[in-house]
Amino acid sequence: RNSKRQIECRRDIDRLNARFLGIYESLIPPDEEKVKQKQLVTLLKKLVIKEWPEAELYIYGSCGNSFGVSKSDIDVCLAIEDLDVNKSEVLLKLADILQSDNLQNVQALTRARVPIVKLMDPVTGISCDICINNLLAVVNTKLLRDYAKIDARLRQLAFIVKHWAKSRGVNETYRGTLSSYAYVLMCIHFLQQRKPAILPCLQGMEITYAVTVDNVECAYFDQVEKLSSFGSRNKESIAQLVWAFFNYWAYWHDYANDVISVRTGSILSKRGKDWTRRIGNDRHLICIEDPFETSHDLGRVVDKFSIRVLREEFERAAEIMQYDPDPCVTLFEPY
Ligand code: CTP
Ligand code: MG
């Protein structure tokens, strides 16, 4: 009887895995969308080069880091070497150029925390944000993309977690919940911590890639094609990992003392980083260290109200994964 029970259980897990993989596949942008994104960036490059021949245009964010779902906006960074020129002036000039090339809804937001030009391409319907000289974002985009190449389960887990966060309204930094970037770092760290580990700590290995950006040294092992069997000793399936991820953030993470750190592949102490007190608006109620700007806590947007919302959502998700007969529906129910 015991083995009959085990077989049924196995079948349930297989079915759940298939459901999660189905959701993951349905979120992946189709090839023709990727082609359209490339076309838009090529057009932007052409326009930018006319005005600033020395400038470079980089894709960052979800379109560059491989964690973008279908219909994502494109994040683009305009890199201009000598910025004696005022950023606002460049943005206004850029908006001018784009406007006169039939792009729609062109807006320069020069007073935003990260000043940008927003636009929409009427041909493809794709929206795009362009910022200036945000090169650390370009480098952390590469880091995330490199991690994604090591084990397919990272991209699967991160898509599911991002989809959950968007469905449940906890992916809104202006309302005190976490950015997509923070969620992906949480997934990477989680897979670094599995036993056996599913992901290595690239910043703790031999350095094969190094750049210094805004006085920050960014260095790590980027020959990730050599690591393609790194996680193969761990056989955990996506359903198990989704369950364990929510379980960790619901019941096991020590919010009072711990900082998760992809840079070291370990947990650091809040005390060690002097993140124990509220300083200005940074409250450190959930601590996620940026892999390069190590003084940045990506949890700094979370306040004493939104931390409750966030933790209740982690608990809800963990309960659903534990007890719900059809978790794939309930997990993503709109809030
Ligand atoms: N970024 C950063 N520091 C932050 C937030 C974001 O450096 N505190 C950079 C990262 O390079 C990130 C990019 O900005 O990849 C875009 O951030 P975000 O909108 O959170 O992530 P996306 O991956 O673009 O997610 P989405 O699919 O929700 O657009
Ligand atoms: Mg984005």
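What counts, and at which threshold
- Residue numbering note: each chain is counted from 1, following its sequence as written.
- The lettering of chains begins at A and the numbering of ligands begins at 1, in the order of writing.
- A pLDDT threshold of at least 70 governs which residues receive local features in this predicted model, and a stricter bar of 80 or more applies before side-chain atom pairs are shown or counted, although totals over entire chains, interfaces and linings include all residues.
- Processing note: side-chain calculations cover all non-hydrogen atoms of the structure and skip hydrogens and water entirely.
- Here a cavity means grid points, on a 1 Å grid over the protein atoms only, where a 1.4 Å probe fits yet cannot get out; a pocket means an open set of points with protein on both sides within 12 Å along at least five of seven lines; lining residues are those with an atom within 4 Å of a point.
- Grid points are joined across faces, edges and corners, and a volume is the space filled by probe spheres set on the points.
- Secondary structure is summarised from DSSP: a helix means a run of H or I of at least four residues, a strand means a run of E of at least two, and numbering begins at the N terminus for each.
- Polar here means any residue outside two lists: the nonpolar Ala, Val, Leu, Ile, Met, Phe, Trp, Tyr, Cys and Pro, and the charged Asp, Glu, Lys and Arg; Gly therefore counts as polar.
- Residues are classed as near a molecule or strand on a simple rule: at least one heavy atom within 4 Å of it.
- Each polar contact in these results corresponds to two N or O atoms within 3.5 Å; when the atoms are within protein, one needs to be able to donate a hydrogen and the other to accept it, and residues that are neighboring in sequence are counted only if both atoms are side-chain atoms.
- For a molecule to be placed in a cavity or pocket, more than half of its atoms must lie within 2 Å of the grid points of that cavity or pocket.
- Marked domain ranges trace back to an automatic or database domain assignment.
- Should any heavy atoms of two residues lie within 4.5 Å, those residues are counted as being in contact.

**Points about the layout of surface pockets**
The volume enclosed by the largest pocket comes to roughly 1700 Å³. Lining the largest pocket are 45 residues, and of these Y60, D75, R113, S179 and Y181 lie nearest its centre. The leading source of residues in the lining of the largest pocket is helix 5 (residues 135–150), at 5 residues. Class assignment of the residues belonging to the lining of the largest pocket gives a composition of 18 nonpolar, 13 polar and 14 charged. Roughly 510 Å³ of volume is contained in the second largest pocket. If you trace the second largest pocket, you find 17 residues lining it, with D12, I13, L16, M321 and P327 closest to the centre. Going through the elements one at a time, helix 1 (2–27), helix 8 (238–252) and helix 10 (306–323) are the ones with two or more residues in the lining of the second largest pocket. Ranked by residue count, the leading element in the lining of the second largest pocket is helix 1, at 7 residues.

**What about the site of ligand 1?**
In the vicinity of ligand 1 there are 14 residues, among which S62, N140, K162, K166 and S180 approach most closely. In the environment of ligand 1, an oxygen atom lies 3.0 Å from a nitrogen or oxygen atom belonging to the backbone of S62. Contacts to ligand 1 include D75, whose side-chain N or O atom sits 3.2 Å from an oxygen atom. Of all the cavities here, the one that holds ligand 1 is the largest pocket. Residue contributions to the shell around ligand 1 peak at 3 residues, all from helix 5. Each residue belonging to the shell around ligand 1 can be placed in one class, and the counts come to 4 nonpolar, 7 polar and 3 charged. Here the shell around ligand 1 gathers at least three residues from each of two domains, domain 1 (31–133) and domain 2 (146–330).

**Some details on the environment of R283**
Secondary-structure assignment places R283 in the loop between helix 9 (270–273) and strand 10 (287–289). C-alpha separation for the pair R283 and V302, spaced 19 residues apart in sequence, amounts to 7.2 Å. Residues contacting R283, with those up to four places away along its chain left out, are R278, R300, V302, D303 and K304. At a separation of 3.2 Å, a polar atom in the side chain of R283 contacts the main-chain carbonyl oxygen of N281.

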